[in-house]
Amino acid sequence: TVLGGAHKGFTTPSNSPGVDEEQAINYEMGFRFSNASISTEAIWFHSDYENLLGVCTASSGIDCIIGDAFNGDAATVNGLEFLLSADLSKTPDISIPLMLTYTWIDGEFDTDVADTAFFGDVSAGDPIPYIPENQYRLSLGYETMIWGLTLSANYIDEVCVRASCSEAEQTDNSLTIDLSANYQLNDRLNIFARVENLGDESDILGRHPYGARPNKARTAAMGARMRF
């Protein structure tokens, strides 16, 4: 399948004085392919913002009141999304699912914006805060009719938390490994367990509004699902 489209996006303006609505024209094109054992797609997208809206929240902005909004003026975002999923098994009783997702994004301001609490002191060409350039997830599983095991790797690039992007205005890149398992006790009851951040990696994933914040530490969970 070959696809393409053009869409206009609109976000209603806030009640902050002097803040305009967010508007953007979004374009995409790409392809999808699938057969009995593999599925893949690749999509390119381009978003042309007439005005990029920034909203202060509990996890974004600095020296601002939650709910306040700010004009980001013109901005451009280009990106590519790729997905691949396949079953590597050669026998009907066993499944070996493989999945890879990858996203590349290049987002930048097109104009100079006055210093604001949300975006920082912006010059044309500066990066849009909190948009990672590269991110991917790779997972591989082994599944039978009774039990299953999945190992996954998740990566996200460092990002700028303000457009000026000094050393203290960046996060860390992050690679974490997760492991999950499940066991079917009977037709109704399934037991599962998972460990997130298996290597207990510690990375800074945010800096607003109250300074550096790390990712989740190694976390284990267990549970059961019952079907009625």
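Residues numbered from 1 in each chain as written. Predicted model: local features only at pLDDT ≥ 70, side-chain atom pairs only at ≥ 80, totals over all residues. Heavy atoms only, no water.

Novice: When you look at the overall build of the chain in this model, what are you seeing that I'm missing?
Specialist: Helix and strand counts for the chain come out as zero helices and 16 strands. Judged by the C-alpha coordinates and their principal axes, the chain covers about 60 × 45 × 35 Å. (Helix = DSSP H or I, 4+ residues; strand = E, 2+ residues; numbered from the N terminus.)

Novice: Just checking my understanding: could you explain a nonpolar patch on the surface for this structure?
Specialist: Together, Tyr-142, Met-145, Ile-146, Trp-147, Leu-149, Tyr-183 and Leu-185 line one region of the surface with nonpolar side chains, adding up to about 710 Å² of accessible area. The topology assignment puts Leu-185 in the loop between β12 (174-184) and β13 (189-196). (Patch = residues over 30% accessible without salt bridge, like charges linked within 9 Å, V, L, I, M, F, W, Y side chains within 5 Å. Areas by Shrake-Rupley, 256 points an atom, 1.4 Å probe, with all protein chains shown as cover. Salt bridge = Lys/Arg side-chain N within 4 Å of Asp/Glu carboxyl O.)

Novice: Would you mind going over the environment of Thr-11 with me for this structure?
Specialist: Its location among the elements puts Thr-11 in strand β1 (residues 2-11). For the pair Thr-11 and Leu-52, spaced 41 residues apart in sequence, the C-alpha to C-alpha distance is 9.6 Å. Filtering out sequence-adjacent residues up to four positions away, Thr-11 remains in contact with Glu-21, Glu-22 and Leu-53. (Contact = heavy atoms within 4.5 Å.)

Novice: Could you clarify how one ought to interpret the packing of aromatic side chains in this entry?
Specialist: Each aromatic ring pair is specified by the distance between its two centres and by the angle formed by the two planes. A complete count under the given rule lists three aromatic pairs for this structure. With a centroid separation of 5.4 Å and 85° between ring planes, the pair formed by Phe-109 and Phe-119 is classed as edge-to-face. Note that Phe-109 is positioned in strand β7 (residues 97-109) and Phe-119 in the loop between β8 (113-116) and β9 (120-122), a separation of ten residues in sequence. Accessibility classification places Phe-109 together with Phe-119 in one group, the buried group. (Phe/Tyr/Trp six-rings, centres within 6.5 Å; stacked < 30°, edge-to-face > 60°. Buried < 20%, exposed > 50% of the residue type's maximum accessible area, 1.4 Å probe, protein only.)

Novice: Help me understand the environment of Thr-150 in this model?
Specialist: As for its position among the elements, Thr-150 is in strand β11 (residues 147-156). A C-alpha to C-alpha distance of 24 Å links Thr-150 and Ala-42, two positions 108 residues apart in sequence. The contacts of Thr-150, once residues within four sequence positions are left out, are Ser-139, Leu-140, Gly-141, Asp-178, Leu-179 and Ser-180.

Novice: Explanation requested: a negative patch on the surface in the structure shown.
Specialist: Among the surface-exposed residues, Asp-20, Asp-48, Glu-50, Asp-73, Asp-106, Glu-108, Asp-110, Glu-133 and Glu-158 lie close enough to one another that they form a single negatively charged patch. For the negative patch, the elements supplying multiple residues, two or more each, are β3 (38-51) and β7. Judged by relative accessible area, Asp-48 falls into the partly exposed class, the value being 38%. (Lys, Arg positive; Asp, Glu negative; His and termini not counted. Charge placed at Lys NZ, Arg CZ, Asp CG, Glu CD.)

Novice: Sorry if this is basic, but what is going on with the sheet that holds strand β16 (residues 219-226) here?
Specialist: Sheets are built from strands that pair by backbone hydrogen bonding, the pairs being arranged parallel or antiparallel. With antiparallel pairing, ten strands are arranged side by side in an open sheet as β1-β2-β3-β6-β7-β10-β11-β12-β13-β16. Edge positions in the sheet fall to β1 and β16, since each of these pairs with one other strand and no more. Between one strand axis and the next, the sheet turns by 15° as a mean value, whatever way the strands run. Note: β7 against strand β10 (residues 134-143), seven bridges, orientation antiparallel. Within β10, the position partnered with Leu-98 by the bridge is Leu-140. (Pairing = 2+ DSSP bridges. Axes fitted to C-alpha atoms, helices over the stretch in contact; angles between N-to-C directions.)

Novice: Which parts of the structure should I look at to understand the side chain of Ser-89?
Specialist: Its place among the elements puts Ser-89 in the loop between β6 (75-87) and β7. Among the polar contacts listed, one links the side chain of Ser-89 to the backbone oxygen of Thr-91, at a separation of 3.0 Å. If we skip the residues at most four places from it in the chain, Ser-89 touches Ile-94, Ser-95 and Ile-96. (Polar contact = N/O pair within 3.5 Å; in protein donor to acceptor, adjacent residues only side chain to side chain.)

Novice: It is not clear to me how the pattern of salt bridges should be interpreted in this structure. Could you clarify?
Specialist: Where charged atoms from two side chains of opposite charge approach closely, those side chains can pair. Summed over all chains, the structure comprises four salt bridges. In this structure, Glu-169 engages Arg-162 in a salt bridge whose closest nitrogen and oxygen atoms are separated by 3.6 Å. Between Arg-194 and Glu-196 there is a salt bridge, and its shortest N-O distance comes to 3.8 Å. Classification of Arg-194 as partly exposed rests on a relative accessible area of 37%. Since its relative accessible area comes to 25%, Glu-196 is described here as partly exposed. Residues joined in a network through salt bridges with shared partners are Arg-194, Glu-196 and Lys-216.

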